[in-house]
Amino acid sequence: MALASTHTGDDFVTIWFLRRLAYVLPILLGVNLLTFALFFVINSPDDMARRHLGERHVTTAAIADWKRAHGYDRPAFINADRSGTAVVTDTLFFTGSVRLFSLDFGRSDGGRHIAWDIRQRMWPSLAIALPVLILELIIAVPLGLAVALLRGSTFDRGLTLLCVASMAISSLFFIIAGQFLFARLLRLIPISGFAEGWGAIKFLLLPVMVQVLAGLGARVRWNRTVFLEEISREHVRTARAKGLAETRILFGHVLPNALLPLITTIVVTLPGLFLGSLITESFFAIPGLGSYTIDAIQNQDFAIARTMVFIGSLLYILGLLLTDLAYAWADPRIRLGSG
Amino acid sequence: MDVDVAIRALSARLARSLRLPMRLCAAWVATFLLLPVALPLAASEPWNAPYDRADRARAILYSTFQTPPRHLDPVSSYSENEAVFTGQIYEPPLQYHYLKRPYELEPLTLKEMPEVEYRNAAGRRLEEPVVGDEVASVVYRLRVRQGIRYAPHPALAKDAAGRYHYHALSAQEIAEADALADFAHTGTRELVAADYVHQIKRLAHPDLHSPILGFMERYIAGLGELAGTLRDARARSTAPLDLTKFPLEGARVVDRYTFEIVLKERYPQFLYWLAMPFFAPMPWEADRFHDQPGMAERNLTLDWHPLGTGPYRLIENNPNRRMVLVRNPEFRGEVWPSLTGGNGPLLPRIDEVHFMLEKEEIPEWNKFLQGYYDTSPIAPDGFEQAIRFNARGEPEITAEMAAKGTRLSVATRMSISYLGFNMLDPVVGGNSRRARLLRQALAIAVDFEELISIFGNGRGVPAQGPLPPGIFGHRAGKSGINAKVYRWQHGRATRRALEDARVLLADAGYPGGMDPATNRALVLHLDATSSGPDTKALFGWYRKQFAKLGLDLVVRSTDYNRFQEKMQQGDAQIFTWGWNADYPDPENFLFLLYGPNGKARYQGENAANYANPEFDALFQRMRDLPNSRERQEVIDEIVTLVRNDSPWLWGFHPQAYALEHAWMDAAEPNLMARNTLKYRQLDPALRVKLQARWNQPARGVVWFLAGCILGLGALVLWRLRQRTRAMIS
């Protein structure tokens, strides 16, 4: 409260923002440390070298050369051969982390420039994820409102049943069934593939549809719950008593007040937009970042795996930051500085 | 009635009855009415075609790849999935004859096969026949054909004054380029002997990490020294290394079209290496171009943008989506190989090859069935749909697939998949009679015919020894069976009865599988990698096989890296392993049992750590012999010896089943050659016709679904309207 008495509203936002930013660094450091430890528990630099050199006729000298060239000849955390700060700084963890935190992702263990690859592959991922998000909102919000309004009706029960079923079924089933039905049996759209520009639309129809269907159940159920809670509030009852039109009540009173939980679910999914969907991209041969990460793990490419985990964490943290800001925007009762 | 008027009337009625906005109802009605008109219009071609309409009638071969290639630089590339591309782009000096069997090398860019000269320690030429001990060096003289030219590439582009366009680019110019196509000029030049020498030096380049450097250092004179020199130079400076300034004793230019490779010792199999992309030519200009600062940051590397003299060049390298090879306009035009000497058509016969990324088998298989891939392996889920076994147990295409004109080709791979014993292990290893009898008993008990049937859908040939069919030294029929495991009955090899194994086991000191030291079933350990539910079933099957003899098999499944570690340290007891031939010579299989190649002691490829001086002596003799009766006799001795010692349960040779559509020419499976695309031919007109027939869209269903959706939407809105009214009232 002392802050409230001495600072303006803008100051609150600035202080809050800086405080949250200060959390970012240790979280990212922790994530990086965890990734590093987990990766090297499973893959030793020797394993990586052998994998990259092709397994056959590989000599210890070739492995040593490869490790030296890629910096994996350094100790992981402590360099006992050095003195002073170099004990810590001349290590695999430190040198790799410093580059990551300066957003210099460097080159993959296979020699590719990672930032360049990410720039190329983020667009196909976005080309699926963005329409999926928008369509889910367009469909799930009205459907959520409709079932909330028709609560207890056959429509409500039927749709709830469908939602629960869709939540219970694996997304892989939706993919395979969608490919079989629409592409193989009905022969309406290509099974898989991708193209540049507008040509991508016909390839995106099925994956987008499948992802929307796979995610719709959970979203509609969530929206229904939120809207039901809101509909039962007194201000809605008052509005009805005043004789307001139902559409006005829904869009003027229910929807704005239900925005808060809706925003939470939307913002939290934002990092996923960029990072892509692992299974969908794989089955539909979409050259996005999801398959980039999977390939890196399969190829034991630590440089890429670490970068993707880092970016994912960063985006997630930023997403949560945005959520908080959006809360304040959506609900005047919430003030950033007071927390 | 006018359509516009009809839509309006219908919309107005709908709006009145549902009490909805007029515009919304009009949009619905228009969509509903226009759909049946629009759908047939859009149906002039299959809707599910994944390719550009303009490409449909062109001679483009559509194939797939599952794993993106990591290296396309011939010095680093060593994987099968990369050879699919590099084999079409690069031209090493030799190639495998497309039709001849057993596989035979022939000149590709050379005028004739390399001339081989043996020299003694004094450097004097030795006359044939040459005795192994006298040979101090071997000189291969290679004469390159004139008039072979590189595919167009910016690295070779020159201006009118003869200066290279792009060898001194500014940072700005490089920053503006995303692909090689962004460089306006391209050039070409003739292939010369120096390009081959340059490539051999590249094997030693410290930044390129050639996987065969360590191996070739043993043979090519001075290669190890050059690698050391270059490593030192790299340690001193990060500047690009100009290989033209570093001589190599074992690779030298004789004249513009002739070069020599000098080996430190006799290694007749070296010729096979000359058919691999490691020895494909690379112009120095390519290194100069790609070594410029900033190029790697744009991913403009040789690893990504290969340059060769082959029939195709890579114009699109997007391993996340597709790789596109197009005909190299500078290709000299090779003639179709003939066994009879007649003139065939000029190669290559297909204009373009599109490799599409398909990570999952199901979509790949379905697209093949729709005709959008020209060839395909058989997906496990599609096996029964595609293949049936006839009364003789031979695979045949099913009637459904045959009706579509699909063809099946079957070829036994030049590989072996086996169960190995660690010969350093005190229980199953070593040369004691006890251990040998134990291994022989297991060789009978583990029924690989059953394994092939259950886990491989019949796609394999039980191995009778280390050599697969098609390799010199392999004997087929009665004379080729492993008498320790099989009998010849009714004209075929029949596995010996389990009773024979039990007798051997008892003789080994384990009657009924009991270990006299513990008075319990002898416990053995199988080390293997686990890669999914299938492996669990496989492990269960192995346990069952050992249990037939009363033995207790414990499976120690682990991840790939831990398994490799165990193998490196010689800690495994029994293990699963395999080998794909580098080249079709018995040496490439028998060296897997050569003592000095032991994995644990010498980090070689002898995973079983088998060491038998008798074998080693025979192997050394066999290695230096040309394919001849004498060599066959030595191989027979070797095979008999290892069958008796049984360091492996010989396992099986996998078979490759491939399907092709009717529009593809009937191809001769050649599992050694990697440059076979140039021989393929297809009929695009037939493909268009059949694709259209197989992919007629279900328009009625679309119409029905659209109706359902619109109807459901209307119903919901109507119910909402009713509910609202009820609430208000």
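Trainee: For this particular structure, what's the right way to read the overall build of chain B?
Mentor: Secondary structure summary: chain B contains 23 helices and 26 strands in total. Its C-alpha atoms give chain B principal-axis dimensions of about 105 × 85 × 55 Å. The proportion of buried residues among the 729 residues of chain B is 55%. Long-range pairs, those at least 24 residues apart, make up 70% of the contacts in chain B with a sequence separation of at least 6. With the model as given, the accessible surface of chain B reaches about 31,200 Å², and the carbon-plus-sulfur share is 53%.

Trainee: So what exactly am I meant to see when it comes to the state of the cysteines here?
Mentor: Disulfide: a covalent bond connecting the sulfur atoms of a pair of cysteines. Per the stated rule, a full pass over the model turns up 0 disulfides over all chains. In this structure Cys-163 of chain A is not part of a disulfide, and its nearest cysteine sulfur, from Cys-708 of chain B, lies 19 Å away. Take Cys-163 of chain A: its relative accessible area is 8%, and that puts it in the buried class. In this structure Cys-708 of chain B comes out as partly exposed when scored by relative accessible area, which is 37%.

Trainee: Just checking my understanding: could you explain the interface of chain A and chain B for this structure?
Mentor: In this assembly, 62 residues from chain A lie in contact with 64 residues from chain B. The junction of chain A with chain B conceals about 5,600 Å² of combined surface from both sides, 51% of it contributed by carbon and sulfur atoms. Among the residues chain A hides against chain B, the three largest losses belong to Arg-56, His-57 and Arg-187 of chain A. Together they make up 15% of the total. One can count 4 salt bridges joining chain A with chain B. We note a salt bridge from Glu-196 of chain A to Arg-321 of chain B, for which the minimum N-O separation is 3.6 Å.

Trainee: How should unusual backbone geometry be read in this particular structure?
Mentor: Most peptide bonds take the trans configuration, and most residues that are not glycine carry a negative phi. Residues and elements named next belong to chain B. Of note, the amide linkage connecting Arg-101 to Pro-102 takes the cis form, showing an omega dihedral of -5°. Mapped onto the fold, Pro-102 is located in the loop between strand 2 (94-96) and strand 3 (105-107). Between Leu-347 and the following residue, Pro-348, the backbone shows a cis peptide bond with an omega angle of -5°. Non-glycine residue Asn-299 carries a positive phi angle of around 60°. Residue position: Asn-299 is located in the loop between helix 9 (284-290) and strand 8 (312-318). At Asn-457, a position not held by glycine, the phi torsion is positive, near 50°.

Trainee: Explain helix 17 (residues 560-569) of chain B here, please?
Mentor: Count 3.6 residues to each turn of an α-helix, and residues three or four apart come out pointing the same way. All names here are of chain B. All of the buried residues in helix 17 are Asn-561, Phe-563, Gln-564 and Met-567. The buried residues of helix 17 occupy an angular sector of 160° when the element is viewed end-on, so they sit on one face. At the N-terminal boundary of helix 17, the capping side chain belongs to Asp-559, with an oxygen 3.1 Å from the backbone nitrogen of Arg-562. In the segment just after helix 17, Gly-570 is the residue with positive phi, at about 70°.

Trainee: What exactly am I supposed to notice about the environment of Met-672 of chain B here?
Mentor: In this structure, Met-672 of chain B sits in the loop between strand 26 (648-660) and helix 22 (684-694). If sequence neighbours within four positions are ignored, Met-672 of chain B has contacts with Tyr-96, Tyr-103, Met-414, Ala-581, Asp-582, Tyr-583 and Pro-584 of chain B.

Trainee: Would you explain the packing of aromatic side chains in this entry?
Mentor: What characterises a pair of aromatic rings is the spacing of the ring centres plus the angle enclosed by the ring planes. Residues and elements named next belong to chain B. All chains considered together, the criterion is met by 50 aromatic pairs over all chains. Ring geometry for Tyr-610 against Phe-615: centres 5.6 Å apart, planes inclined by 75°, an arrangement best described as edge-to-face. The class of Tyr-610 is buried, set by a relative accessible area of 0%. Since its relative accessible area comes to 0%, Phe-615 is described here as buried. Three or more aromatic residues link up through ring pairs in this structure, and these residues are Tyr-78, Tyr-96, Tyr-103, Phe-215, Tyr-219, Tyr-267, Tyr-272, Trp-273, Phe-278 and Tyr-583. Above the ring of Tyr-118, the side-chain terminus of Arg-266 is found at 5.0 Å from the ring centroid. Over the ring of Trp-694 we find Lys-404, and its NZ or CZ is 4.4 Å from the ring centre.

Trainee: Help me out: how do you make sense of the domain arrangement of chain B in this one?
Mentor: Interfaces are often described in size by the accessible area the parts lose on coming together. All names here are of chain B. Structurally, chain B comprises domain 1 (3-47 + 697-728), domain 2 (52-66 + 311-411 + 663-696), domain 3 (91-298) and domain 4 (415-513 + 555-653). Look at where the C-alpha atoms of domain 2 and domain 4 centre, and you get two points 36 Å apart. Listed by partner, the interface residues are 4 residues for domain 2 and 7 residues for domain 4. Each partner contributes to the roughly 430 Å² buried at the junction of domain 2 and domain 4, and carbon and sulfur atoms together form 66% of this total. Taken as a group, Phe-383, Phe-389 and Met-672 account for 80% of the area that domain 2 buries against domain 4, more than any other trio of residues on that side.

Trainee: Teacher, can you tell me more about the packing of helix 14 (residues 448-455) of chain B against helix 16 (residues 533-547) of chain B here?
Mentor: To characterise two packed helices, one gives the angle between the axes of the helices and the distance between these axes. Residues and elements named next belong to chain B. Running from amino to carboxyl end, helix 14 crosses helix 16 at an angle of 160°, the nearest separation of the two axes being 12 Å. Regarding the angle of helix 14 to helix 16, the classification is roughly antiparallel. The two elements helix 14 and helix 16 cross, and the hand of that crossing is right-handed. Residues Phe-448, Glu-450, Leu-451, Ile-454 and Phe-455 of helix 14 form the contact with helix 16, whose participating residues are Asp-534, Ala-537, Leu-538, Trp-541, Tyr-542, Lys-544 and Gln-545. Tallied by class, residues from the contact of helix 14 with helix 16 come to 8 nonpolar, 1 polar and 3 charged.

Trainee: Teacher, can you tell me more about the sheet that holds strand 1 (residues 60-65) of chain B here?
Mentor: What holds strands together in a sheet is hydrogen bonding between their backbones, with the strands either parallel or antiparallel. All names here are of chain B. Read across the sheet, 4 strands follow the order 1-12-9-8 without closing on themselves; strand pairing throughout is mixed. Strands with a single pairing partner mark the edges of an open sheet, and in this sheet they are strand 1 and strand 8. With direction set aside, neighbouring strand axes in the sheet form an average angle of 20°. By the bridge criterion, 6 bridges tie strand 8 to strand 9 (residues 322-327) in an arrangement that is antiparallel.

Trainee: Help me understand the environment of Glu-285 of chain B in this model?
Mentor: All names here are of chain B. Within the secondary structure, Glu-285 is located in helix 9. The class of Glu-285 is buried, set by a relative accessible area of 2%. Measuring from C-alpha to C-alpha, the distance between Glu-285 and Tyr-164 comes to 8.9 Å, with 121 residues separating the pair along the chain. Residues in contact with Glu-285, not counting those within four places in the same chain, are Ala-155, Leu-156, Tyr-164, His-167 and Arg-189.

Trainee: What should I look at first to understand helix 21 (residues 629-645) of chain B in this one?
Mentor: Residue and element names in this part refer to chain B. Here helix 21 spans 24 Å end to end across 17 residues, near enough to the 24 Å set by a 1.5 Å rise per residue. For helix 21, the set of buried residues is Arg-631, Gln-632, Val-634, Ile-635, Ile-638, Val-639, Leu-641, Val-642, Arg-643 and Asp-645. Close packing links the buried residues of helix 21 with helix 13 (433-445), helix 18 (587-590), helix 20 (613-624) and strand 26. In the segment just after helix 21, Ser-646 is the residue with positive phi, at about 50°.

Conventions adopted
- Residues numbered from 1 in each chain as written.
- Chains lettered and ligands numbered in written order.
- Predicted model: local features only at pLDDT ≥ 70, side-chain atom pairs only at ≥ 80, totals over all residues.
- Heavy atoms only, no water.
- Helix = DSSP H or I, 4+ residues; strand = E, 2+ residues; numbered from the N terminus.
- Buried < 20%, exposed > 50% of the residue type's maximum accessible area, 1.4 Å probe, protein only.
- Contact = heavy atoms within 4.5 Å.
- Areas by Shrake-Rupley, 256 points an atom, 1.4 Å probe, with all protein chains shown as cover.
- Disulfide = S-S within 2.5 Å.
- Buried area = accessible area lost by both parts, 1.4 Å probe.
- Salt bridge = Lys/Arg side-chain N within 4 Å of Asp/Glu carboxyl O.
- Arc of directions from axis to C-beta.
- Polar contact = N/O pair within 3.5 Å; in protein donor to acceptor, adjacent residues only side chain to side chain.
- Phe/Tyr/Trp six-rings, centres within 6.5 Å; stacked < 30°, edge-to-face > 60°.
- Lys NZ or Arg CZ within 6 Å of the ring centre and 35° of its normal.
- Domains from an automatic or database assignment.
- Axes fitted to C-alpha atoms, helices over the stretch in contact; angles between N-to-C directions.
- Parallel < 35°, antiparallel > 145°, perpendicular 65-115°, else oblique.
- Left-handed = near helix turned anticlockwise from the far one by under 90°.
- Nonpolar A, V, L, I, M, F, W, Y, C, P; charged D, E, K, R; others polar.
- Pairing = 2+ DSSP bridges.
- Expected span 1.5 Å × (residues − 1).

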